Amino acid sequence: MPTAISHAQHPAMRWRPAPARARALSAGVLALCTAAVALAQPAAPAPAPAPTDDSFATQVLHAVNLHRQRHQLPALQPAPWLATLAAEHSAHMAQLGRLSHTGFQTRFLRARRQTCVENLAAGFRQADRLVQGWQASPSHHQNLLDPRVQDVGVASINGHVTWLACSAD
């Protein structure tokens, strides 16, 4: 059975400074060995890229509209001014590093609509999984299927998603 020996216990294992030329040669050999090992090892596969913020927001809207259509509800129409409100809020949440409905009343007043509902999410890389998460929550699912809303703004900023749907004028 092997035993562990510290450098201080065995005279042959004590450290002694090597001459300068030997140190330079050792450093060169070590650098070449390290480079050879790095070249011999296969590169680890890169993780799947996260969707861009705009494409992810589009995917979320599409997934929500498919869900609404399965429930005989019309598809929501993208509204640029609601997307602006959603983007502002997603940026705020990204800065905070957490989800928050803070400021919903202000977003509602700025939308100038009779009815607005909002769902939030963070950390999702697949839109269908995000929408499934909302479907699993009774209050979020109710928002997705609210028959009073027709217009929507969706934004994703650094993985923080705001879905803001409102009634028409």
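Residues numbered from 1 in each chain as written. Predicted model: local features only at pLDDT ≥ 70, side-chain atom pairs only at ≥ 80, totals over all residues. Heavy atoms only, no water.

J.: Looking at this model, I keep getting lost on the sheet that holds strand β2 (residues 116-122). Mind explaining?
T.: Through backbone hydrogen bonds, the strands of a sheet pair up, either in parallel or in antiparallel fashion. Taken together, four strands build an open sheet; the order of strands is β1-β3-β4-β2 and the sheet is mixed. The open sheet terminates on both sides in strands that have one partner only, identified here as β1 (77-78) and β2. Sheet topology note: the β1/strand β3 (residues 151-157) ladder contains two bridges and is parallel. The partner of Q77 across the bridge, within β3, is D151. Relative to the sheet, helix α4 (residues 104-111) contacts β2 and β4 (160-166), its axis offset from that of β2 by approximately 130°. Its contacts with the sheet place helix α5 (residues 127-136) against β2 and β4, and it is angled at close to 120° to β2. (Pairing = 2+ DSSP bridges. Helix = DSSP H or I, 4+ residues; strand = E, 2+ residues; numbered from the N terminus. Contact = heavy atoms within 4.5 Å. Axes fitted to C-alpha atoms, helices over the stretch in contact; angles between N-to-C directions.)

J.: Before we go on, may I ask you to explain the packing of helix α3 (residues 80-96) against α4 in this structure?
T.: The angle between the axes and the distance between the axes are what describe a pair of packed helices. The N-to-C vectors of α3 and α4 enclose an angle of 160°; their axes lie 10 Å apart at closest approach. If you check the angle between α3 and α4, you find them roughly antiparallel. Crossing geometry of α3 relative to α4 is assigned as right-handed. Of the residues in α4, those touching α3 at W81, L82, L85, E88 and H89 are R107, R110 and A111. Here the residues of the contact of α3 with α4 sort into four nonpolar, one polar and three charged. (Parallel < 35°, antiparallel > 145°, perpendicular 65-115°, else oblique. Left-handed = near helix turned anticlockwise from the far one by under 90°. Nonpolar A, V, L, I, M, F, W, Y, C, P; charged D, E, K, R; others polar.)

J.: Whenever I open this one, the side chain of R113 confuses me. Can you help?
T.: On the secondary structure map, R113 appears in the loop between α4 and β2. Discounting residues that sit within four places of it in the chain, R113 has contacts with W81, F108, D151, C166, S167, A168 and D169.

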